[in-house]
Amino acid sequence: MGTIALVGNPNSGKTTLFNALTGSNQHIGNWPGVTVEKKEGKFKYKEVQYTVFDLPGTYSLGAYSEDEIVARDFILSGSSDVVINVVDATNLERNLYLTTQLLEMGVKVVVALNMMDEARQKNIEIDINTLSKNLGIPVIATVASKNKGLEDLIEKAVEYAKSGEYPKINISYGEEIDREIEKIESLLDSSNSKYPNKWLAVKLLEGDEEIFKLVEKDFELPRDVLSSIKEKAAVYELEIVDRRYAFIGNIIGSAVKKPIREVETLTDKIDKVVTHKYFGIPIFAIIMFVIFQLTFAIGQDLLGGYVGDFVGFIGEKVADLLTLINSPEWLKSFIAEGIFGGIGTVFEFIPLIVVLYFFIGILEDTGYMARAAYVMDGLMRALGLHGKTFISMIVGFGCNVPGIMATRTLDNKKDRMIALLINPFMSCGARLPIYLVFIAAFFPSHGGIVLFLLYAFGIITALVMGKIFSKFLFKEESSHFIMELPPYRLPIFKYVVRSMWDKVWDFLYRAGSIIFVVVALLWVLSVLPFGVEPYSQESILGRIGTILAPIFKPAGFGTWQATVSLFAGIAAKEAVVAILGMVYAGVSEGTELILALQEVFTPLTAVSFLAMTLLYTPCAAVLGTVKRETNSIKWTIFMAVYTFILGWIVAVLIYQVGRLLGF
Ligand SMILES: Nc1nc2c(ncn2[C@@H]2O[C@H](COP(=O)(O)OP(=O)(O)OP(=O)(O)O)[C@@H](O)[C@H]2O)c(=O)[nH]1
Ligand SMILES: [Mg+2]
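Colleague: Would you take a moment to explain the nonpolar core for this structure?
Modeller: One recurring pattern in soluble globular proteins is that nonpolar side chains are buried together. Counting 123 residues, the largest nonpolar core has F390, F438, F557, L597 and F609 as its most contacted members. In contact with F390, not counting residues within four places along its chain, are F284, A372, A373, M376, M380 and I459.

Colleague: Looking at this structure, I do not really get the environment of S145. What am I missing?
Modeller: Positionally, S145 belongs in the loop between β7 (139-141) and α6 (150-162). Overall, S145 belongs to the partly exposed group, its relative accessible area being 36%. Separated by 129 residues in sequence, S145 and T16 place their C-alpha atoms 6.1 Å apart. Residues contacting S145, with those up to four places away along its chain left out, are T16 and I492.

Colleague: Sorry, what's going on with a nonpolar patch on the surface here?
Modeller: On the surface, I633, I637, V641, I645, I649, L653, V657, L660, L661 and F663 cluster together into a nonpolar patch covering about 1100 Å² of accessible area. Residue position: I645 is located in helix α29 (residues 633-660). Relative accessible area serves as the criterion here: at 44%, I645 is assigned to the partly exposed category.

Colleague: Can you walk me through the site of ligand 1 in this structure?
Modeller: Around ligand 1 sit 25 residues in total, of which K14, T15, T16, G33 and T35 are the nearest. Here an oxygen atom of ligand 1 sits 2.7 Å away from a polar atom, N or O, in the side chain of T35. One of the side-chain nitrogen or oxygen atoms of N114 is found 3.0 Å away from an oxygen atom of ligand 1. Compared with its free state, where it exposes 650 Å², ligand 1 has 96% of that area covered by protein. For the shell around ligand 1, the elements supplying multiple residues, two or more each, are α1 (14-22) and α4 (116-121). In terms of residue count, the dominant contributor to the shell around ligand 1 is α1 (three residues). By residue class, the composition of the shell around ligand 1 is nine nonpolar, twelve polar and four charged.

Colleague: In this structure, what is going on with helix α2 (residues 66-76)? I would like to understand it.
Modeller: Every buried residue of α2 is accounted for by D67, E68, A71, R72, F74, I75 and L76. Following α2 by one or two positions, G78 adopts a phi angle in the positive range, close to 65°.

Colleague: How should I be thinking about the packing of aromatic side chains in this particular structure?
Modeller: How two aromatic rings sit relative to each other is given by the distance of their centres and the angle of their planes. Within the structure shown, the criterion is met by 31 aromatic pairs. Judged by centre distance (5.0 Å) and plane angle (20°), the rings of F638 and Y642 are stacked. One end of the pair, F638, and the other, Y642, are both in helix α29, four residues apart, so they sit about a helical turn from each other. An aromatic cluster is present here, built from F438, F442, F443, F552, F557, F567, F601, F609, Y616 and F644 joined pairwise through their rings. The ring of Y160 has K108 sitting right over it, with the charged end atom 5.5 Å from the ring centre. Above the face of the Y495 ring, K494 is positioned so that its terminal group lies 5.4 Å from the ring centre.

Colleague: Can you help me understand the coordination of the magnesium ion (ligand 2) in this one?
Modeller: Each angle at a metal carrying four tetrahedral donors should ideally be 109.5 degrees, and each at a metal carrying six octahedral donors should ideally be 90 or 180 degrees. Each protein donor to the magnesium ion (ligand 2) is listed here as T15 (OG1) and T35 (OG1); together their distances run 1.9 to 2.0 Å. Taken together, the positions of T15 in helix α1 and T35 in the loop between α1 and β2 (39-45) put the pair 20 residues apart, joining distant regions of the chain. The class for T35 is buried, based on a relative accessible area of 13%.

Colleague: Please explain the pairing of strand β5 (residues 109-114) as it appears in this structure.
Modeller: When you tally the buried positions in β5, you get six out of six residues, the bulk of the element. Across the two faces of β5 the burial is the same, with V109, V111 and L113 and V110, A112 and N114 all buried. One ladder, built from six bridges, connects strand β4 (residues 82-88) with β5; its direction is parallel. Bridging from a neighbouring strand, V87 pairs with L113 of β5. Where the polypeptide runs from β4 across helix α3 (residues 92-105) and back to β5, its parallel neighbour, the crossover connection is right-handed.

Colleague: Can you help me understand the sheet that holds β5 in this one?
Modeller: Note on sheets: strands pair through backbone hydrogen bonds, and any given pair is parallel or antiparallel. The strand order across the open sheet built from six strands is β2-β3-β1-β4-β5-β7, with neighbouring strands paired in mixed fashion. Each edge of the open sheet carries a strand with a single partner, namely β2 and β7. Across the sheet, the mean angle separating the axes of adjacent strands is 25° when strand polarity is ignored. Both strand β1 (residues 2-8) and β4 contribute to a ladder of five bridges, which runs parallel.

Colleague: Explain the packing of helix α11 (residues 266-274) against helix α15 (residues 368-382) to me, please; I cannot follow it from the model alone.
Modeller: Where α11 meets α15, the axes come as close as 11 Å, and the angle between the chain directions of the two elements is 40°. Note on packing geometry: the crossing formed by α11 with α15 is right-handed. In contact with T267, D271 and V274 of α11, α15 contributes Y368, R371 and V375. Within the contact of α11 with α15, the residues separate by chemical class into three nonpolar, one polar and two charged.

Colleague: Even after reading the chapter, I still don't get the state of the cysteines, so can you show me in this structure?
Modeller: Chemically, a disulfide is nothing more than a covalent bond linking the sulfur atoms of two cysteines. For the structure on display, the rule yields zero disulfides. Here C399 stays unpaired: no disulfide links it, and the sulfur of C428, its closest cysteine neighbor, is 6.2 Å away. A relative accessible area of 26% places C399 in the partly exposed class. With no disulfide partner, C619 has as its closest neighbouring cysteine sulfur the one in C428, 6.5 Å distant. Note on C619: relative accessible area 10%, which makes it buried.

Conventions we followed
Residues numbered from 1 in each chain as written. Chains lettered and ligands numbered in written order. Predicted model: local features only at pLDDT ≥ 70, side-chain atom pairs only at ≥ 80, totals over all residues. Heavy atoms only, no water. Core = buried A, V, L, I, M, F, W, Y, C linked by side-chain atoms within 4.5 Å. Buried < 20%, exposed > 50% of the residue type's maximum accessible area, 1.4 Å probe, protein only. Contact = heavy atoms within 4.5 Å. Helix = DSSP H or I, 4+ residues; strand = E, 2+ residues; numbered from the N terminus. Patch = residues over 30% accessible without salt bridge, like charges linked within 9 Å, V, L, I, M, F, W, Y side chains within 5 Å. Areas by Shrake-Rupley, 256 points an atom, 1.4 Å probe, with all protein chains shown as cover. Salt bridge = Lys/Arg side-chain N within 4 Å of Asp/Glu carboxyl O. Near = heavy atom within 4 Å. Polar contact = N/O pair within 3.5 Å; in protein donor to acceptor, adjacent residues only side chain to side chain. Nonpolar A, V, L, I, M, F, W, Y, C, P; charged D, E, K, R; others polar. Phe/Tyr/Trp six-rings, centres within 6.5 Å; stacked < 30°, edge-to-face > 60°. Lys NZ or Arg CZ within 6 Å of the ring centre and 35° of its normal. Donors = N, O, S within 2.8 Å, 3.2 Å for Na, K, Ca; no water. Pairing = 2+ DSSP bridges. Right-handed = clockwise from strand over helix to strand, strands pointing away. Axes fitted to C-alpha atoms, helices over the stretch in contact; angles between N-to-C directions. Left-handed = near helix turned anticlockwise from the far one by under 90°. Disulfide = S-S within 2.5 Å.

What follows is the structure, encoded as structure tokens:
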């Protein structure tokens, strides 16, 4: 048994390595800040089981954002026997900054010199033996995405963990600071801290708040000593960083040969176009538009029919079977209307969802995502928002839960809260079936453009609300943004397919759990009390819906069916379609949901209903995440309520203005 932690700069390939070692399927993307939580996995090497932790990326151990704090806390806790420091070989100078920090901390470090394939392509020659000697620790060349060098890496890591050796480096920070360090060291002398005193001393001189707290607790240093150290830190802080870079320069100097003149790479050429000052945003819009068009072309026209037919076919067979075995009427009705009419309808849209996420996965893996955030930065800043917010917004397209988690990378509290509050306006996968069913009913030949407009409308609403929050709710300064643009990389087919499958699996799982429960519950309410016509207004469900329906009268869809479906959607968004499918499947045997919708909605009320579903209260899972991340019930309730009101206002506006215009 042993414990290994994967530590490194963002986007250096930690999760790729983690997946390769453990066979897990954690999310990988070609932009910094994909992993924001600690993940645990296991693997066996030579009959021994090891536990590996994949950590969020971090540039230094002075942590600012939530995700970096996760990484730092784990390293500080000393819970791993050895740290594998994943280093991007094409960017040694910056990556080794973290390495030197780890070494100063005295933890056992083995360097995985990753992305060696790209280093080679760029004609960067690295003498691994010299590098290893200079650092005083094992260095192993790897290409995590192609499983290269992993055996060797693990062997060295295990060996090093078992050995009695510890890293020893000695960075000189210049006479003056070194003297200061010694002085503090002697103050800390009496300690039994698990960290080397020298490291603590350096961190104090860097003005690291956390370490001040730690020292205050463990050493009982007098207040005035601490505050005099703090004053000195203000003077020395930058010098310390400079000295570290100088130290790294020396290490690299004798070990690395770089081409004298860097050639213009393909990445540079593409970036000249896609990150262009004026064309950048239009190009992003065009890419999204093309993706939606392709989604319909492939998902609907090629695949859609099959799944629909398949669901219908299975539905018939099951109904036959139920008749054959003389099952009670209520069971037949539940299965026909609840399961096949409700959940089955959602299922028919799976091909479209899968195709859409295939394309979004490709955007993530190539590295275009980082560019999208980069080109949006100017606009975001003009609105008082942080550029990284846009990354969390794109992540929210998949699901708002990881979208909200992704706001952890924003290190300023204000920026983070705003990013979190506007995330639900990003259309998530679960809302897609609602859009698709209404598109099929009212705009069948303009699917791509309607979908594009819905997504764009979500983005615009998010930006407008962000601006409002930044102006009225949070007064702090927003911090500035440095987005690293990673090189474009070919997506790894295996991962794209896996993440698509994840989506399907996720849906199946939800269909079998939360959506099933909601459908079952509402089905019961829709056939009770005994003797009433099922799914009629006289059923309990119909009566509850009728009481609430007037809320939506001004928006044009004040039917009890639409009302209960919207409220069910707060449990899980797929439930909106499932419930509509169920109550309308009951109206007349065999009526398809699409036909039923065409009868009760008009194109105008369909649009106002879509706007409502896009904007109103996010699902329970999202609210739970908001509660967890903000640790505040107040913000959670705020989120639930303000989105509902906003959705309602927009839906009412659309309907009323549309009616005035004669739609
Ligand atoms: N060419 C090349 N690409 C790699 C290699 N290892 C990982 N990648 C790619 O690098 C990108 C980032 O990989 P991740 O594993 O998500 O990086 P990470 O370190 O976990 O990033 P964060 O979670 O953001 O800190 C992905 O596009 C990977 O496919 C490698 O050895 N060579
Ligand atoms: Mg990662």
